[in-house]
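So you can see what is in the structure, the chains are spelled out below.
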Amino acid sequence: MRIRVAVDEQNRSRCIITMKGPLQKGEFKTREEIEFTASDAEAVRAIFENMGYQTSLSFEKRRESWSMGGCEVDLDELPYLGNFVEIEGKTEAAIEAVRESLGLGGLPSITSGYIAMLSRYLQEHQIKDRKIKL
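So, here is what we can say about the structure in this document. Quick caveat, the model's predicted, so the values are computed rather than measured.

Before going further, it helps to spend a moment on the sheet that holds strand S5 (residues 62-68). The sheet built from three strands is open, its strands ordered S5-S6-S7 with antiparallel pairing. Each edge of the open sheet is held by one strand with a lone partner, namely S5 and strand S7 (82-88). Ignoring strand direction, the axes of neighbouring strands in this sheet form an average angle of 15°. Here S5 runs beside strand S6 (residues 71-78); their pairing, made up of seven bridges, is antiparallel. Of the residues in S6, the one forming a bridge with Met68 is Cys71.

Below, the structure is given as structure tokens:
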């Protein structure tokens, strides 16, 4: 479960709640996602906590998004980890075509999520803070 607060260029925020299913087989990282929006992130957090969920990690990231070839292309900057390109599309063929167009076709795909990568980094560097800012 994820609570994301996205802030746009006009400093307007929206809260997006996401449930991610298990990883599916395939060349790229694929999983079911169910999303909805809410007006109050703190209320959602309180509801989750009352249901027994606890925040395991909170981090900021910067994201710029574009559409290309029927896919969403995101450029992400994460604390400690650096910059990443994320391509989401309806088919693996569409994703691969966009990867090729961007000159990324020969590079390996990362199948770990940001939370797993950042958690591993924090553990390896013995960083206890679980609320990470850029």
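A surface patch of nonpolar side chains, about 410 Å² in accessible area, is lined by Trp66, Met68, Leu75, Val85 and Leu102. Topologically, Leu75 is positioned in strand S6. Given the relative accessible area of 36%, Leu75 is considered partly exposed.

A word on helix H2 (residues 92-101). If you check which residues of H2 are buried, you get Ile95, Val98 and Arg99. All buried residues of H2 lie within an arc of 105° about the axis, which places them on one face of the element. Away from its buried face, by an angle of more than 90 degrees, H2 presents the exposed residues Ala93 and Ser101. Those residues of H2 hidden inside the fold are in contact with S5, S6 and S7.

Below, the discussion takes up the side chain of Arg99. Within the element layout of this structure, Arg99 appears in helix H2. Only 2.8 Å separates the side chain of Arg99 from the backbone oxygen of Leu107, close enough to count as a polar contact. The residues contacting Arg99, other than those within four sequence positions of it, are Phe28, Ile87, Leu104, Gly105, Leu107 and Ser109.

Criteria and thresholds
- Residues numbered from 1 in each chain as written.
- Predicted model: local features only at pLDDT ≥ 70, side-chain atom pairs only at ≥ 80, totals over all residues.
- Heavy atoms only, no water.
- Pairing = 2+ DSSP bridges.
- Helix = DSSP H or I, 4+ residues; strand = E, 2+ residues; numbered from the N terminus.
- Axes fitted to C-alpha atoms, helices over the stretch in contact; angles between N-to-C directions.
- Patch = residues over 30% accessible without salt bridge, like charges linked within 9 Å, V, L, I, M, F, W, Y side chains within 5 Å.
- Areas by Shrake-Rupley, 256 points an atom, 1.4 Å probe, with all protein chains shown as cover.
- Salt bridge = Lys/Arg side-chain N within 4 Å of Asp/Glu carboxyl O.
- Buried < 20%, exposed > 50% of the residue type's maximum accessible area, 1.4 Å probe, protein only.
- Arc of directions from axis to C-beta.
- Contact = heavy atoms within 4.5 Å.
- Polar contact = N/O pair within 3.5 Å; in protein donor to acceptor, adjacent residues only side chain to side chain.

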